[in-house]
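# Structural description and commentary
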Amino acid sequence: MIRRALLLLLASLLLCAGAGQAQAAGYRYWSFWERDGEHWVYATQGPSLARPSDGDVQGFRFAVSEYSANATRPRGTADFATICAKTPAQDGRKRVALVIDFGTPSDAPEGETPPAARTACARVSPDATTAEALAAVAKPLRYDTNALLCAIAGYPEQGCGEQVSQQRTPEHSKPAAEQKSPSDDGPSLGLVAGIAVVVVLGGAAIWQVRRRG
């Protein structure tokens, strides 16, 4: 009887571990990126503070991400020359190339469909912020009361940085270069400790039963 109870407890621990790895809490929001050569780098400033230089490439991606280090990057490889090919330089103005990735259906709020990704070349004043460049080519924008960017070109229609649960997919996984946490590739330390306790208790219980016999 004791042995059966211990086995049930062990099974419960394993099921809980599987559920924790299958789902993770995340936030649905627009992340902001800067292009560094061939790579996207998560911006250290918000678009309302960042002031890109002429020739810079900046990106936005709508997705469900757990945290900034795990945020999903914009897709596509278009560079400044390609994006701004049809927007000639102009004295007293700067050109900023923008990549706007509306994400996938799995990231979309219920009832909404993401538009196709697009690129745009914003020609703005030399001191313009990224937010101003974005407003020049992708209206309407929507912000919340804390100045968080909620929608680009009207997408999504509702919601702003809400917390959601997500199924882990390759696209939502950490980049290979990111350092992994102890729970990424196997059972957590708590789970291992729990299993060890069950094994020890099980051995003790069996020993007690045999001793009484």
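Before reading on, note that the structure itself is shown above.
Because the structure is predicted, anything quoted here is derived from the model rather than measured. (Residues numbered from 1 in each chain as written. Predicted model: local features only at pLDDT ≥ 70, side-chain atom pairs only at ≥ 80, totals over all residues. Heavy atoms only, no water.)

### Focus on the pattern of salt bridges
All chains considered together, the criterion is met by three salt bridges. A salt bridge links E162 to R28; its shortest N-O distance comes to 3.0 Å. Taken together, the residues span a long stretch of sequence, with E162 in the loop between β7 (149–151) and β8 (163–167) and R28 in strand β1 (residues 23–36) at a distance of 134 residues. Beyond isolated ion pairs, a larger network of salt bridges with shared partners links R61, R75 and D101. (Salt bridge = Lys/Arg side-chain N within 4 Å of Asp/Glu carboxyl O. Helix = DSSP H or I, 4+ residues; strand = E, 2+ residues; numbered from the N terminus.)

### A short note on the packing of aromatic side chains
Aromatic ring pairs: the centre-centre distance and the angle between the two ring planes describe each pair. Under the criterion given, the structure shown has six aromatic pairs. Here F32 and F60 contribute two aromatic rings whose centre-to-centre distance is 5.0 Å and whose plane-to-plane angle is 20°, an arrangement assigned as stacked. Linking F32 in strand β1 with F60 in strand β3 (residues 57–65), this pair joins segments that are 28 residues apart in sequence. Just as F32 is buried, F60 falls in that class too. With a centroid separation of 5.1 Å and 80° between ring planes, the pair formed by W33 and Y42 is classed as edge-to-face. Residue W33 is classed as buried on the basis of its relative accessible area, which comes to 1%. (Phe/Tyr/Trp six-rings, centres within 6.5 Å; stacked < 30°, edge-to-face > 60°. Buried < 20%, exposed > 50% of the residue type's maximum accessible area, 1.4 Å probe, protein only.)

### As for helix α3 (residues 130–137)
Those residues of α3 that sit buried are T130, A131, A133 and L134. For α3, the arc enclosing every buried residue in end-on projection is 160°, short of the 170-degree limit, so these residues lie on one face. (Arc of directions from axis to C-beta.)

### Topic: the pairing of β3
Of all nine residues in β3, nine are buried, a share of seventy percent or more. Burial along β3 is two-sided: V57, G59, R61, A63 and S65 and Q58, F60, F62 and V64, pointing in opposite directions, are all buried. Taken together, the five bridges between β3 and strand β4 (residues 94–101) define a ladder with parallel strand orientation. In the sheet register, R61 faces β4, and the bridge partner there is D101. (Pairing = 2+ DSSP bridges.)

### Some details on the state of the cysteines
In the structure shown here, the tally under the stated rule is two disulfides. Put simply, C150 and C160 are joined by a disulfide, and their sulfur atoms are 1.9 Å apart. A torsion of -75° about the S-S bond marks the disulfide between C150 and C160 as left-handed. Placement of the pair is C150 in strand β7 and C160 in the loop between β7 and β8, with a sequence separation of 10 residues. A relative accessible area of 3% places C150 in the buried class. (Disulfide = S-S within 2.5 Å.)

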